[in-house]
Structure formats: C-alpha cells, structure tokens
Amino acid sequence: MTAPSRPTLEDVARLAGVSLGSASRALSVPDNLKPATLERVLRAVDQLGYVRNGSARALASRKTRMIAAIYPTLENPIFAVSIQSFQQTLWSLGYQLLVASHEYRPERELGLLRTIVERGVDGVVLVGTDHDDAVFELLGQYRLPYVLTWSIDEASSRPCVGISYYESALNMAQVVIDHGHTQIAICPGLSYRNERVRARIAGVQAALQRVGLKLKPEWIIEQPFTFEGGRQALHTLMASHERPSVLICGTDLQAVGALAECRALSISVPEDLSITGSDDIELASLVQPPLTTVHVPNLEIGIHAARSIVSLIEGEQIPNATTLPTKLILRGSLKNLASPH
C-alpha cells in the first residue's frame with residue numbers, strides 16, 4: 001500500500017486561500033497576520049496534517065538519533081521508572097529520548113506529535129492502543145516508525161509492547177472472590193479514550209460472571225489515577241446506602257488515596273473494607289496496611305520498547321505484540337473472608 005504524499009506549504013496556502021508568503025508567515029511570525037487569515041491557515045494545517053518542510057527534511061534523513069515518547073502523565077511513579085529504563089536502553093543503542101505528556105487529555109496528543117515531528121525524530125513511542133486516527137495518519141505520512149506500549153492489541157498489526165490489563169484485572173478479581181468477597185466495587189480510572197481502563201472493567205466483570213455474580217453499575221467509580229481520585233471514590237462509596245466489602249483500584253495511587261480517606265473516616269482496613277491496587281510501586285509496600293496489588297513489569301516495558309523502536313528504525317522485523325507477564329502480590333490490605341479464623 002502506497003503511503004500518502006506529504007502535504008506541502010503550497011497545499012496549505014491553496015486550501016486556506018492565501019498567498020504562499022502569508023502561509024509561511026502564519027507558521028513563523030503569526031502575530032504579523034490578521035487573525036482571520038491566521039485562522040484559515042491554521043485550519044488548513046490541521047486538515048492536511050502539515051509539518052514544516054525543514055523538519056520533514058531532517059526527519060527524512062534519519063540523522064537525529066532521537067526517539068520521542070508521549071506519556072499520559074509524568075506524575076505516576078510507574079511511568080517514571082519505565083522512562084528511566086527506556087532512556088538507559090536507548091543510550092546503550094546510540095539514541096536519545098525526548099519525553100512529552102498530554103496529562104490524560106488525549107485531544108492534546110496530535111498537537112504534541114506535530115510539534116515533535118517538526119523538531120525531527122527517528123521514531124515515536126506512545127502509551128496505549130487507543131489513539132485518534134489522525135495520529136496514525138500523521139505517523140504514516142512521514143513514515144515514522146512507532147511502537148505502542150503498556151497495553152497490547154493482538155488483533156491489530158500495529159507493533160505493541162505491554163501487558164494484558166484484562167487478564168491482570170481478571171486475576172485480581174478472582175483472588176478477591178477466592179478470599180470470600182462478593183460485594184465488589186472498582187475504581188478503574190477514567191474509561192474515556194483509555195482502553196486499559198475498559199479492559200480492567202471487562203476483566204473484573206468476567207471474573208464475577210464465572211461465579212454467578214454481577215458488577216453493580218453504581219459500584220464502578222470512575223476517577224482519575226491520583227491520590228485524590230482514590231479519596232473521591234472511597235467517599236462516594238461510603239455515602240451510598242449499600243457498601244462493598246472490597247474496593248479494587250486501577251492504580252496504587254488511587255488505592256493509597258482510598259486508604260487515606262479510610263483513616264479520615266475511621267474505617268479500618270482490611271477489617272471494615274479491603275482495598276487493592278495495581279502497579280506495585282514502592283509506596284505500595286510501605287503504607288499501612290501494605291497493599292495487595294498487581295506487579296507490572298515497568299522496567300521491562302521500557303527496555304523492550306526501546307529495543308523494538310530501534311529495531312524498526314534500523315529496518316528490522318519485530319513481533320506485532322510482545323506480551324509481558326504480571327504477578328499478583330498479596331499483602332495485608334485484602335481480608336480473607338473465606339477463612340474460618
């Protein structure tokens with residue numbers, strides 16, 4: 001299949017109905033143009049997916065030895081650890097790393113990517129498999145190798161390195177059920193434009209269905225992946241008429257926030273409520289009680305992502321999906337209701 005041709009500045013000027021000089025000034029000295037003219041040019045840039053020629057030439061030469069990675073946030077320690085292993089592996093392979101974050105605002109990702117392409121990079125790494133079509137179109141226009149990370153999509157031909165969030169959530173829910181819990185609530189994150197959150201919900205639902213249980217819609221509490229998100233989820237659950245015996249959180253940050261809210265409300269964990277997390281960040285083993293969680297191989301994700309993107313840049317073949325294993329870590333925050341003692 002022939003890759004689409006790259007739009008030129010002439011194409012932008014033609015679509016915007018302005019002179020070539022006006023189109024050029026709109027991208028270099030926008031304050032010198034009338035607002036209406038500038039708006040037409042920028043709209044044409046967005047529509048065509050145009051990137052400035054000078055950067056496109058640098059990109060085509062493949063001489064930057066720079067890899068860009070766009071993360072949903074830099075606040076979660078699990079991403080910081082993975083970025084470190086990613087960068088160190090790239091250094092060993094002769095490449096540098098440029099990092100950006102859209103702060104869980106997927107609508108910002110395309111703009112970030114355009115800026116990155118303008119500066120010239122040899123490849124791009126993205127988090128997750130759910131991205132705007134325009135993101136993949138831009139990568140295709142400039143023939144930029146890319147790797148999707150953290151989650152996998154075995155049904156797609158797009159290269160990805162990560163874990164099965166569905167399987168890890170299913171396994172956690174199964175352990176919770178094995179511990180005698182039937183009143184189960186979850187705080188999986190925000191599902192909008194995040195396939196990892198949707199997979200978590202589906203995994204928990206599947207585990208419950210196996211034993212004839214259902215996940216109550218009102219006990220799916222969507223909150224951000226933050227301490228405050230966990231606090232808000234706990235507060236919402238405790239304000240309801242019926243209360244669960246366990247809260248399964250999508251990240252350790254949420255779980256720690258929920259633990260803090262339990263202390264504020266004099267709720268004993270795990271006697272009154274069990275709480276579990278996911279990621280196995282260092283803090284998970286230090287809080288009281290220590291968190292039952294899912295160990296995610298964040299170091300390995302960074303290493304495999306670096307090797308995969310460099311392999312693609314250098315013309316080598318890689319598997320469509322590289323699935324890394326997770327591991328359940330049982331600690332004191334999960335009460336065993338099935339135990340006779």
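Residues numbered from 1 in each chain as written. Predicted model: local features only at pLDDT ≥ 70, side-chain atom pairs only at ≥ 80, totals over all residues. Heavy atoms only, no water.

1. Details of the overall build of the chain
Basically, it comes down to this: Numbering of helices and strands runs from the N terminus, with a helix taken as a DSSP run of H or I at least four residues long and a strand as a DSSP run of E at least two residues long. Only protein chains enter the accessibility calculation, which uses a 1.4 Å probe; a residue is then buried when its area is under 20% of its type maximum, exposed when over 50%, and partly exposed in between. Should any heavy atoms of two residues lie within 4.5 Å, those residues are counted as being in contact. Shrake-Rupley sampling with a 1.4 Å probe provides the accessible areas, and residues are treated as covered by the protein chains on show and by no other component. In this charge count, Lys and Arg are treated as positive and Asp and Glu as negative; neither His nor the chain ends contribute. The location of each charge is read from NZ of Lys, CZ of Arg, CG of Asp or CD of Glu.
Along the chain, the regular secondary structure elements total 12 helices and 11 strands. The buried share of the chain, taken over its 341 residues, is 52%. Within the chain, contacts between residues at least 6 apart in sequence are counted, and of these 72% link residues at least 24 apart. Looking at the chain as shown, the accessible area adds up to about 15,800 Å², and 51% of this sits on carbon and sulfur atoms. Side chains of the chain give 31 positive and 34 negative charges; the mean places of these two sets differ by 6 Å.

2. Side note on a nonpolar patch on the surface
Threshold: A patch consists of residues whose relative accessible area exceeds 30% and which take part in no salt bridge; residues with like charges are grouped when within 9 Å of each other, and nonpolar side chains (Val, Leu, Ile, Met, Phe, Trp, Tyr) when within 5 Å. Criterion for a salt bridge: a side-chain nitrogen of Lys or Arg within 4 Å of a carboxyl oxygen of Asp or Glu.
Judged by side-chain polarity, Phe227, Leu283 and Leu286 come together as a nonpolar surface patch covering roughly 270 Å² of accessible area. Of note, leucine 286 is situated in the loop between strand E8 (274–276) and strand E9 (293–295). The class of leucine 286 is exposed, set by a relative accessible area of 56%.

3. As for the layout of surface pockets
Counted only if it meets this: Here a cavity is any set of points on a 1 Å grid over the protein atoms alone where a 1.4 Å probe fits but cannot get out, and a pocket is any open set with protein on both sides within 12 Å along at least 5 of 7 lines; a residue lines the site when it has an atom within 4 Å of a point. Grid points are joined across faces, edges and corners, and a volume is the space filled by probe spheres set on the points. Following the grouping adopted for this structure description, the nonpolar residues are Ala, Val, Leu, Ile, Met, Phe, Trp, Tyr, Cys and Pro, the charged ones are Asp, Glu, Lys and Arg, and the polar ones are all others, Gly among them.
Estimates place the volume of the largest pocket at around 420 Å³. For the largest pocket, the lining is made up of 28 residues, of which Pro72, His102, Tyr104, Arg105 and Asn194 are closest to its centre. Residues of the lining of the largest pocket, tallied by class, amount to 11 nonpolar, 8 polar and 9 charged.

4. Some details on helix H7 (residues 133–141)
Taken residue by residue, H7 has Val135, Phe136, Leu138, Leu139 and Gln141 as its buried positions. Check the buried side of H7 and you find it contacts helix H3 (35–48), helix H6 (109–119), strand E3 (123–127) and strand E4 (146–151). Phi for arginine 143, located one or two positions after H7, is positive at around 50°.

5. Focus: the sheet that holds strand E6 (residues 184–187)
In a beta sheet, neighbouring strands are held together by backbone hydrogen bonds and run either parallel or antiparallel to one another. The cut-off we apply is this: For two strands to count as paired, DSSP must find a minimum of two bridges between them. Helix axes are fitted to C-alpha atoms over the stretch in contact, other axes to C-alpha atoms as well, and angles between N-to-C directions run from 0 to 180 degrees.
Reading across the sheet, the 3 strands line up as E6-E7-E8 and stay open at both edges, with parallel pairing between neighbours. Taken across any chain shown, the strands that pair with only one partner, and hence form the sheet edges, are E6 and E8. Along the sheet, successive strands turn relative to each other by an average axial angle of 20°, direction set aside. Relative to strand E7 (residues 246–249), E6 runs parallel, the two sharing 4 bridges. Looking across to E7, one finds that isoleucine 184 is bridged to valine 246.

6. Quick look at helix H5 (residues 77–92)
Put simply, the rule is: Helices are assigned an expected span. That span is 1.5 Å times one less than the residue count.
Taking 1.5 Å per residue as the helical rise, H5 with its 16 residues ought to reach 22 Å, and the 23 Å between its terminal C-alpha atoms agrees with that figure. Regarding H5, the residues found buried are Ile78, Phe79, Ser82, Ile83, Ser85, Phe86, Thr89 and Leu90. Summarising the contacts, the buried residues of H5 are in contact with strand E1 (66–71), strand E2 (96–101), E3, E4 and helix H12 (298–313). Backbone geometry just after H5 places glycine 94 at a positive phi near 90°.

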